[in-house]
2 protein chains.
Amino acid sequence: MNTLAEENYLKAIFKLSGKQKEAVSTNAIAEELETKASSVTDMIKKLTEKKLVNYQKYQGTSLTKKGHEIAVHIVRKHRLWEVFLLKKLKFQWDEVHDVAEQLEHIKSPKLVEHLDTFLCFPQYDPHGDPIPNKNGEFPKSFSAPLIDFAAGSKGKVVGVSQDNPAFLQYLDKLEIQLGSKIQVIEKIEFDQSLEVKINGKATHISSEVAKNILIKQ
Amino acid sequence: MNTLAEENYLKAIFKLSGKQKEAVSTNAIAEELETKASSVTDMIKKLTEKKLVNYQKYQGTSLTKKGHEIAVHIVRKHRLWEVFLLKKLKFQWDEVHDVAEQLEHIKSPKLVEHLDTFLCFPQYDPHGDPIPNKNGEFPKSFSAPLIDFAAGSKGKVVGVSQDNPAFLQYLDKLEIQLGSKIQVIEKIEFDQSLEVKINGKATHISSEVAKNILIKQ
DNA sequence: AAATAAATTTAGACAAGCCTAAAAATATTT
DNA sequence: AAATATTTTTAGGCTTGTCTAAATTTATTT
Ligand SMILES: [Mn+2]
Ligand SMILES: [Mn+2]
Ligand SMILES: [Mn+2]
Ligand SMILES: [Mn+2]
């Protein structure tokens, strides 16, 4: 069984290594976990010992098959709990992440599977992130950040790539939710910001925000 | 904010000190938490520092007002989660305790209150234990252990004073549940065991079991 | 190809929680 | 009231996970 700290490291490496499972730098992990590089080196050595990561001095870290499985399972739990908090306990979408950070570490195979059943096997969490099934398989989703769309293109908001409360509350203020119809009116060359229509209503969006909104055409 | 270990110590002291809030011995705490007396002394000193317990060397430990409040709040969370697991996630009554031991440490005031609302403010957990409300007040309950009842007396099972799975599974086998009607047919002097009728069916029960079944007349 | 900068690791320290063994205090017998 | 037994505390040590400061390696400039 793994400790809470170990699980958080595995999750961070999973998040940072992306689809190609690239090696992740020590500093990147330190930043993600708001800790120091020296602490990361220490922990990586323990995870290497447990065969949960591949690590070569100065060359970065990647997950082993076993480490990957554990990380995906934690992501599964995190996202299922987020759905539970939103759908059953009436939390707002900007409130679920922090509590799920705690709940994801609860250890009980039965709990996860029964929760999944209770929630009717949701495929996406409140931020549009895909929920892996019990075999660790993710539902396929075809989306791209809003910033990659050209003027004139239309689509639907299917997700966000941040779950920071300030960001999510700002989206609420802009009346942007999962499912909102969006059309790019103009891309401002100067600062990469966008003029868009959200459900028919014209709004201006910074590039920083547009990077974190996921669109499906 | 308190650590997981601190919370478990407060809960243990609460459980052991009973209604009169008697001082609890170091050894009793050690046994309850399956740890060593020396570890208990260490922790008690920290809790004294934080003004969560009253402690005098060699004279035992009791909870302060603040310590008592925290302990009751953890008990509240534990029991609400037990209800959730049983009622919503279809756990058996012998399976809920261990998972609730983990869930009781999740920190989110909103989570507890919304869970309580979601469950429609239950007053008792799956073992018949009273659930304190958000002000820390327990519902009054009038029950006594089965072993205290004389031959001929009748009553209803309203609780158990152990949540150890082996004990609960044995009750399942005896077809004893909360709500079961029970009548004491005979008390065996020799070993304090009982002949009883459960929902009309005759059964023999050891004193050890009879101590842990709570009856309301 | 040096020199410099940035990233990473090592060395040594610290707090939390736990342990064993020994000492001290309290309780129980004789 | 001693002697003995039990309980509790103290002393010293270990692991986990963190930190700062210094050393080392790798990357980037000049
Ligand atoms: Mn999240
Ligand atoms: Mn999410
Ligand atoms: Mn319980
Ligand atoms: Mn219970």
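Rules and cut-offs
- Residues numbered from 1 in each chain as written.
- Chains lettered and ligands numbered in written order.
- Predicted model: local features only at pLDDT ≥ 70, side-chain atom pairs only at ≥ 80, totals over all residues.
- Heavy atoms only, no water.
- Helix = DSSP H or I, 4+ residues; strand = E, 2+ residues; numbered from the N terminus.
- Polar contact = N/O pair within 3.5 Å; in protein donor to acceptor, adjacent residues only side chain to side chain.
- Contact = heavy atoms within 4.5 Å.
- Least-squares fit on C-alpha atoms with pLDDT ≥ 70 in both.
- Domains from an automatic or database assignment.
- Donors = N, O, S within 2.8 Å, 3.2 Å for Na, K, Ca; no water.
- Buried < 20%, exposed > 50% of the residue type's maximum accessible area, 1.4 Å probe, protein only.
- Near = heavy atom within 4 Å.
- Nonpolar A, V, L, I, M, F, W, Y, C, P; charged D, E, K, R; others polar.
- Pairing = 2+ DSSP bridges.
- Axes fitted to C-alpha atoms, helices over the stretch in contact; angles between N-to-C directions.
- Parallel < 35°, antiparallel > 145°, perpendicular 65-115°, else oblique.
- Left-handed = near helix turned anticlockwise from the far one by under 90°.

On to the side chain of His97(A), then. All names here are of chain A. With respect to the helices, strands and loops of the structure, His-97 is situated in helix α5 (residues 96-103). In terms of polar contacts, His-97 uses its side chain to reach the side chain of Asp-163, at 3.0 Å. Apart from residues lying up to four places away in sequence, His-97 is in contact with His-78, Glu-82 and Asp-163.

Right, let's talk about the relation of the copies chain A and chain B for a bit. Laying chain A over chain B is done by rotating through 180 degrees and shifting 0.0 Å along the axis; what remains is an RMSD of 0.1 Å. This pairing of chains is accounted for by a two-fold axis. If distances are taken from each C-alpha of chain A to the rotation axis, the shortest is found for Leu103(A), at 3.8 Å.

This next bit is on the domain arrangement of chain A. Each assigned domain of chain A is listed with its residue range as follows: domain 1 (4-63) and domain 2 (144-216). The gap between the C-alpha centroids of domain 1 of chain A and domain 2 of chain A is 32 Å.

Residues and elements named next belong to chain A. Taken together, the protein donors to the manganese ion (ligand 2) comprise Glu-82 (OE), Asp-125 (OD) and His-127 (ND1), at separations of 2.1 to 2.3 Å. Counting the intervening residues between successive donors of the manganese ion (ligand 2) yields the motif E-x42-D-x1-H. The distance between the manganese ion (ligand 2) and the manganese ion (ligand 1) is 3.4 Å, with Glu-82 acting as a donor to both metals. Here Asp-125 lies in the loop between α6 (109-118) and β3 (144-145) and Glu-82 lies in helix α4 (residues 65-87), a separation of 43 residues in the sequence. For Asp-125, a relative accessible area of 4% translates into the label buried.

Lining the immediate surroundings of DNA strand C are 21 residues, of which Lys45(A), Tyr55(A), Lys57(A), Thr3(B) and Ser39(B) lie closest. Backbone atoms, meaning sugar and phosphate, form 74% of the atoms of DNA strand C found within 4 Å of the protein. Here a base oxygen of DNA strand C and a side-chain polar atom of Ser38(B) are 3.0 Å apart. At the level of elements, α2 (26-32) and α3 (37-49) of chain A together with α1 (4-17) and α3 (37-49) of chain B are the ones that each hand at least two residues to the surface near DNA strand C. Take the surface near DNA strand C: its biggest share by element is five residues, from α3(B). Of the residues contributing to the surface near DNA strand C, the split by class is seven nonpolar, nine polar and five charged.

This paragraph deals with the sheet that holds strand β6 (residues 194-198) of chain B. All names here are of chain B. Strand order in the open sheet formed by six strands is β3-β8-β4-β5-β6-β7, with antiparallel pairing between adjacent strands. Looking at the sheet topology across the chains shown, the edges are occupied by β3 (144-145) and β7 (201-205). Two elements, strand β4 (residues 154-160) and strand β5 (residues 181-187), share three bridges in a ladder whose sense is antiparallel. Counted as the bridge partner of Gly-155 is Ile-182 from β5.

Taken together, 21 residues sit near DNA strand D, with Thr3(A), Thr35(A), Lys45(B), Tyr55(B) and Lys57(B) positioned nearest. A share of 71% is what sugar and phosphate atoms reach among the atoms of DNA strand D within 4 Å of the protein. Between DNA strand D and Thr35(A) there is a distance of 2.6 Å, counted from a phosphate oxygen to a side-chain nitrogen or oxygen. At 3.0 Å from a base oxygen of DNA strand D is found a side-chain nitrogen or oxygen belonging to Ser38(A). Of all elements in the fold, only α1 (4-17) and α3 of chain A together with α2 (26-32) and α3 of chain B reach the threshold of two or more residues within the surface near DNA strand D.

Here we take up the coordination of the manganese ion (ligand 1). Residue and element names in this part refer to chain A. Looking at the manganese ion (ligand 1), the protein donor atoms are His-78 (NE2), Glu-82 (OE), His-97 (ND1) and Asp-163 (OD), and they sit 2.0 to 2.5 Å from it. Mapping the donors of the manganese ion (ligand 1) onto the primary sequence yields the spacing H-x3-E-x14-H-x65-D. By relative accessible area, which is 0% here, Glu-82 ends up buried. Using a relative accessible area of 19% as the deciding quantity, one classes Asp-163 as buried.

Looking now at the packing of helix α4 (residues 65-87) of chain B against helix α5 (residues 96-103) of chain B. Residue and element names in this part refer to chain B. It is the contact of α4 with α5, at a shortest axis distance of 9 Å, that shows an interaxial angle of 130 degrees. Our classification of the angle between α4 and α5 gives oblique. Of the two elements, α4 crosses α5, and the hand of that crossing is right-handed. Taking contact as the criterion, the partners of His-78, Trp-81, Glu-82, Leu-85 and Leu-86 in α4 are, on α5, Val-96, His-97, Val-99, Ala-100, Glu-101 and Leu-103. Here the residues of the contact of α4 with α5 are counted per class, giving seven nonpolar, two polar and two charged.

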